[in-house]
Amino acid sequence: MTKTEFVSSDSIRAAFSAAMSAMYRNEVPAYGTLMSLVAQVNEGVLAEDPGMKQRLAETDTLDRISEERHGAIRLGTAQELSTIRRVFAVMGMHPVGYYDLSTAGVPVHSTAFRPVGDTALKLNPFRIFTSLLRLDLVRDEQLRADAAEVLSKRKIFTDGALELLDKAEKQGGLDRDDASRFVEEVLQTFRWHDKAIVSAEMYRRLHDAHRLVADVVSFRGPHINHLTPRTLDIDEVQRRMPVEGISPKAIVEGPPTRQCPILLRQTSFKALEEAVAFEDGKGGWRSGSHTARFGEIEQRGVALTPKGRALYDRLLNETRERCRPAADGSNAAEYEAALADVFKAFPDDWNAIRKAGLGYFSYSLTPAGEKADRTGMDLETAIANGLVQFDPITYEDFLPVSAAGIFQSNLGDDATQEFVASPNQRMFERDLGASVLDEFAHYAAIMQASIDRCLGDGRLAAA
Ligand code: OOG
Ligand code: NI
């Protein structure tokens, strides 16, 4: 078989994200409601802002505007993590970034599997925030051993998925039939199981250690715990969620509303309580419940350089020192005001952000620039003379403090926070069986390549 008969990894990812969306809307009806709300709000924004509509159309992103951008799962073992890395690679999703959530009291560390590169992101931007449980942070030794034993026995992938995975790796791709079977088989891993693989008593012990430990260990597989479409106006969706009968988390995570959006803003609706049957130890079942699954929305802005990110982190810390957002939303307005006030220190003008070296931008020649004699001109002069233009590079990754806020709001607001901060990227990469891509180096390379293209004919001097 020749390579040309293989379906592209981008198409497999697109088929997978569509299948996941359909499954999740079916399993979690409130998520379907959120999707319709997002589509309505996006339509409204586009109707009022023809300029934005035009820009989205030009960048080929208008058609899929309200489609999912990401989802999240939580895994239990190194074996599961390294296998999922191979599965996602077939879909063109690669591990980018390392996120330590232990600092925020959640016993996991994570990466984002995502398409890398402009073309792949445009074709289908779907990514999965993937966390690995850290049993090493659970203090109770007996519980740690019991949990490890349960996890070592479960099989989260179907035999069909594993066979097709081997085949894809051996052949270097999958043909049309295999690709659609692969999507179907892999989808099974993310399904919800309403029968636990532990007893109610074991669930209670796991839950007492941390709700997240119970969520990972008690089930046959890593159910997708949320999906996240993109919204063009996150504040509006947040406001309208209660009108649609869904209950939003207390605050929007991330930076405040701005003229020039930076990084990532996110909010979610609270996880639903779902009926679960636990083993009763006598071959029967005992009914109980579990909260895990929710819906989220995101709005993205420019990727920040290490300098920009340091400023963002400092301002966010300062805000939270002034006002720590309460889980019940009682001080949400105060928090928002503090956030807006503190973030006045972050320039809100594209050129100012660029000149201060806070964000990553993509440079290109203007029509005038194509024609002009740019001999010996530096980048700034070329920009000042209208020969080179710049566009913000969108942030495609995640934020640990925001992620922790999303975790916590969906684990129940009384989730204990008693873990000692202990990032361990080396351990994570060993378990993953690969190293993660450094997100900053990645954005810097995109920016540099765009500058090189402007300088490419050698007439424009390096800045
Ligand atoms: C993942 C939470 C992180 C995000 O958007 O920051 C996340 C989880 O709850 O498993 O998805
Ligand atoms: Ni998320």
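Residues numbered from 1 in each chain as written. Chains lettered and ligands numbered in written order. Predicted model: local features only at pLDDT ≥ 70, side-chain atom pairs only at ≥ 80, totals over all residues.

**A few points about the packing of helix α12 (residues 306-322) against helix α13 (residues 332-342)**
Their axes nearest at 9 Å, the elements α12 and α13 cross at an angle of 145°. For the element pair α12 and α13, the recorded crossing hand is right-handed. Between α12 and α13, the contacting residues are L315, E318, T319 and R322 on the first element and A338, L339 and V342 on the second. Residues of the contact of α12 with α13, tallied by class, amount to four nonpolar, one polar and two charged. (Axes fitted to C-alpha atoms, helices over the stretch in contact; angles between N-to-C directions. Helix = DSSP H or I, 4+ residues; strand = E, 2+ residues; numbered from the N terminus. Left-handed = near helix turned anticlockwise from the far one by under 90°. Contact = placed C-beta atoms within 7 Å. Nonpolar A, V, L, I, M, F, W, Y, C, P; charged D, E, K, R; others polar.)

**A word on the pairing of strand β3 (residues 108-114)**
Burial of β3 is extensive: seven of the seven residues sit out of reach of the surface. Both faces of β3 are covered, namely the face carrying V108, S110, A112 and R114 and the face carrying H109, T111 and F113. Bridge count for strand β2 (residues 94-100) against β3 is five bridges, and the pairing is antiparallel. Pairing of H94 across the sheet is with R114, part of β3. (Buried ≥ 20, exposed ≤ 12 C-beta atoms within 10 Å, placed from the backbone. Pairing = 2+ DSSP bridges.)

**Examining the confidence of the model for the protein chain**
In this model, the protein chain carries an average pLDDT of 91, and 95% of its residues clear a pLDDT of 70 or more. For this predicted complex, the interface confidence score (ipTM) comes to 0.99, while the overall pTM stands at 0.93. (pLDDT = per-residue confidence, 0-100.)

**Regarding the nonpolar core**
F182, L206, V213, V302 and A403 are the most contacted members of the largest nonpolar core, which totals 110 residues. Considering each element in turn, this core owes the most residues, six residues, to helix α2 (residues 29-48). In this view, V213 contacts P107, L133, V138, A147 and L206; residues no more than four positions away in its chain are not counted. (Core = buried A, V, L, I, M, F, W, Y, C linked by C-beta atoms within 7 Å.)

**What to know about the environment of E321**
Mapped onto the elements of the fold, E321 is located in helix α12. E321 sits 17 residues away from A338 along the chain, and the two C-alpha atoms are 9.8 Å apart.

**So, the sheet that holds β2**
Strand pairing in a sheet takes place through backbone hydrogen bonds and is either antiparallel or parallel in direction. Taken in spatial order, the five strands of this open sheet run β2-β3-β4-β1-β6, and their pairing is mixed. The open sheet has two free edges, formed respectively by β2 and β6 (226-229), since each of these has just one partner strand. Going across the sheet, the axis of each strand differs from the next one's by a mean of 20°, ignoring polarity. The pairing of β3 with strand β4 (residues 127-133) spans six bridges and is antiparallel. When the sheet's bridge partners are listed, S110 is paired in β4 with S131.

**A few points about the site of ligand 1**
Surrounding ligand 1, one finds 13 residues, the nearest of these being A72, F129, A403, I406 and F407. Those elements giving two or more residues to the shell around ligand 1 turn out to be β1 (68-75), β4 and α17 (400-411). The leading source of residues in the shell around ligand 1 is α17, at five residues. Within the shell around ligand 1, the residues separate by chemical class into six nonpolar, five polar and two charged. (Near = placed C-beta within 6 Å.)

**Considering the pairing of β6**
Of the two faces of β6, the one holding H226 and T228 and the one holding L227 and P229 are both buried throughout. Note that β1 and β6 share four bridges and pair antiparallel. Residue pairing for β6: E68 is matched across the bridge by P229.

**Remarks on the environment of L37**
Along the polypeptide, L37 turns up in helix α2. With 22 C-beta atoms packed within 10 Å, L37 lands in the buried category. Each C-alpha atom of the pair L37 and M20 lies 19 Å from the other, and the pair is 17 residues apart in sequence. Those residues in contact with L37 that sit more than four places away from it in its chain are V237, R240 and E244.

**As for the sheet that holds strand β5 (residues 195-199)**
An order of β5-β8-β9 is seen for the three strands of this open sheet, with the pairing classed as mixed. One side of each edge strand has no neighbouring strand; the edge strands of this open sheet are β5 and β9 (285-291). Across the sheet, the mean angle separating the axes of adjacent strands is 45° when strand polarity is ignored. One ladder, built from seven bridges, connects strand β8 (residues 273-279) with β9; its direction is antiparallel. Within the sheet, the bridge partner assigned to A275 lies in β9 and is S289. Most of the contacts of helix α9 (residues 200-209) go to β5, to which it runs at about 85°, and overall it touches β5, β8 and β9.

**Examining the environment of K153**
Relative to the elements of secondary structure, K153 occurs in helix α6 (residues 141-153). A tally of 8 C-beta atoms within 10 Å means that K153 is categorised as exposed. C-alpha separation for the pair K153 and R220, spaced 67 residues apart in sequence, amounts to 9.6 Å.

**Structural notes on helix α8 (residues 176-189)**
Here α8 spans 21 Å end to end across 14 residues, near enough to the 20 Å set by a 1.5 Å rise per residue. For α8, the full list of buried residues reads A179, F182, V183, V186 and T189. What you see down the axis of α8 is that its buried residues fit within an arc of 100°, all on one side. Check the buried side of α8 and you find it contacts α1 (9-27), α4 (78-90) and α7 (159-171). (Expected span 1.5 Å × (residues − 1). Arc of directions from axis to C-beta.)

**Considering unusual backbone geometry**
Phi at L263 is positive, roughly 50°, even though this residue is not glycine. Topologically, L263 is positioned in the loop between α11 (234-240) and β7 (264-269).

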